[in-house]
Amino acid sequence: MKEKIAPYIHLFKTSERYYVYDVNTDKILTIPESVYNFLFDYDSNKVDKSVVDFVGNMKINGFLRSDRIEVSEHPVTPLLPYYLKNKLRQLILQVTQNCNLCCDYCNYSGLYKTRTHTANTMSAKTAEKAIGFFIIHAKDSEIVPESENFFSARWFDTTYIN
Ligand code: SF4
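Residues numbered from 1 in each chain as written. Predicted model: local features only at pLDDT ≥ 70, side-chain atom pairs only at ≥ 80, totals over all residues.

### Some points on the overall build of the protein
Consideration 1: Each helix and strand counted, the protein has six helices and three strands in total.
Consideration 2: The helix and strand sequence of the protein, counted from the amino end, reads β-β-β-α-α-α-α-α-α.
Consideration 3: When burial is assessed residue by residue, the protein has 7% of its 162 residues classed as buried.
Consideration 4: Taking the contacts inside the protein whose residues are at least 6 apart along the sequence as the reference set, 48% of them involve residues at least 24 apart. (Helix = DSSP H or I, 4+ residues; strand = E, 2+ residues; numbered from the N terminus. Buried ≥ 20, exposed ≤ 12 C-beta atoms within 10 Å, placed from the backbone. Contact = placed C-beta atoms within 7 Å.)

If you want it as structure tokens, here you go:
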């Protein structure tokens, strides 16, 4: 009945009951104290038949598996390098750290351990480089306009420089 690898579980108890959290099924079960003690000391040789039967039934029902998660990955994670290189969807430029409203609750008011407002502004050269980077890395993005339309000198001049 013993396996080399202990089941992937967490045991806990209250003043009245004993429980096992079975990680692989993501379920919490109420168990007898004798089963709790056995699972707590999984290598123990002292097991009576009622415990063996109870644990056997749990295993038949899919509990007490010893599988451990080694890698957890979102299905699209392998595509991220491609998306970052070719399919950016949005560019946000922080053109200034200045703000003339100075709201008390602002994250940058100085009340929190974060950045505070400053007189820093982004240079046109930096903005231009950011836009150039974005255009190159959004070439396969269907929601970004064609680069030559998007980055017209007129748009840049009226939106940013003036
Ligand atoms: S919340 Fe902060 S950044 Fe926004 S307007 Fe108020 S002071 Fe300015």
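### Observations concerning the pairing of strand 2 (residues 18–22)
Consideration 1: Inspection of the sheet shows strand 1 (residues 9–13) paired to strand 2 by five bridges, in the antiparallel sense. Looking at strand 2, one finds that Leu11 is bridged to Val20.
Consideration 2: Hairpin remark: strand 1 followed by strand 2, antiparallel, with four residues in the connecting loop.
Consideration 3: Relative to strand 3 (residues 27–31), strand 2 is paired through five bridges, and the arrangement is antiparallel. Within strand 3, the residue paired with Tyr19 across the bridge is Thr30. (Pairing = 2+ DSSP bridges.)

### Comments concerning the site of the ligand
Consideration 1: If you check the shell around the ligand, you find Cys99, Leu101, Cys102, Cys103, Cys106 and Tyr108 and nothing else.
Consideration 2: When its residues are assigned to classes, the shell around the ligand shows six nonpolar, no polar and no charged. (Near = placed C-beta within 6 Å. Nonpolar A, V, L, I, M, F, W, Y, C, P; charged D, E, K, R; others polar.)

### Some thoughts on the sheet that holds strand 2
Hydrogen bonds between backbone atoms are what pair the strands of a sheet, whose relative direction is either parallel or antiparallel.
Consideration 1: Pairing is antiparallel across the open sheet formed by three strands, whose spatial order is 1-2-3. Each end of this open sheet is capped by a strand with a single partner; those strands are strand 1 and strand 3. Each strand axis lies, on average, 25 degrees off the axis of its neighbour in the sheet, ignoring direction.
Consideration 2: Packed onto the sheet, helix 1 (residues 33–40) meets strand 1, strand 2 and strand 3 and runs at close to 135 degrees relative to strand 1. (Axes fitted to C-alpha atoms, helices over the stretch in contact; angles between N-to-C directions.)

### Concerning the environment of Asp53
Consideration 1: Inspection of the secondary structure assignment puts Asp53 in helix 2 (residues 49–60).
Consideration 2: Look at Asp53 and you get exposed, because 11 C-beta atoms sit within 10 Å.
Consideration 3: Put simply, Asp53 and Val35 are 18 residues apart on the chain and 10.0 Å apart in space, counted from C-alpha to C-alpha.

### Quick look at the nonpolar core
Consideration 1: One finds Ile9, Val20, Ile31, Val35, Leu39, Val55, Met58 and Leu64 forming the largest nonpolar core, which totals eight residues.
Consideration 2: Elements with a contribution of two residues or more to this core: helix 1 and helix 2. (Core = buried A, V, L, I, M, F, W, Y, C linked by C-beta atoms within 7 Å.)

### Section: unusual backbone geometry
Consideration 1: The phi dihedral of Asp26 is positive, around 55 degrees, even though this residue is not glycine.
Consideration 2: Along the chain, Asp26 falls in the loop between strand 2 and strand 3.
Consideration 3: On the basis of neighbour count, Asp26 is assigned to the exposed category, with 7 C-beta atoms found within 10 Å.
Consideration 4: Not every positive phi belongs to a glycine, and Leu64 is a case in point at roughly 65 degrees.
Consideration 5: When you line up the elements, Leu64 lands in the loop between helix 2 and helix 3 (80–86).
Consideration 6: Taking the C-beta count within 10 Å as the criterion, Leu64 has 21 such neighbours and is therefore assigned buried.

### Quick notes on the environment of Ala138
Consideration 1: Examined against the element boundaries, Ala138 turns out to sit in the loop between helix 4 (124–136) and helix 5 (147–150).
Consideration 2: With 49 residues separating them in the primary sequence, Ala138 and Arg89 have C-alpha atoms 6.5 Å apart.

### Describing helix 2
Consideration 1: Taking 1.5 Å per residue, twelve residues should reach 16 Å; helix 2 reaches 16 Å between its end C-alpha atoms and fits that length.
Consideration 2: Positive backbone phi, at 90 degrees, marks Gly62, one or two positions downstream of helix 2. (Expected span 1.5 Å × (residues − 1).)

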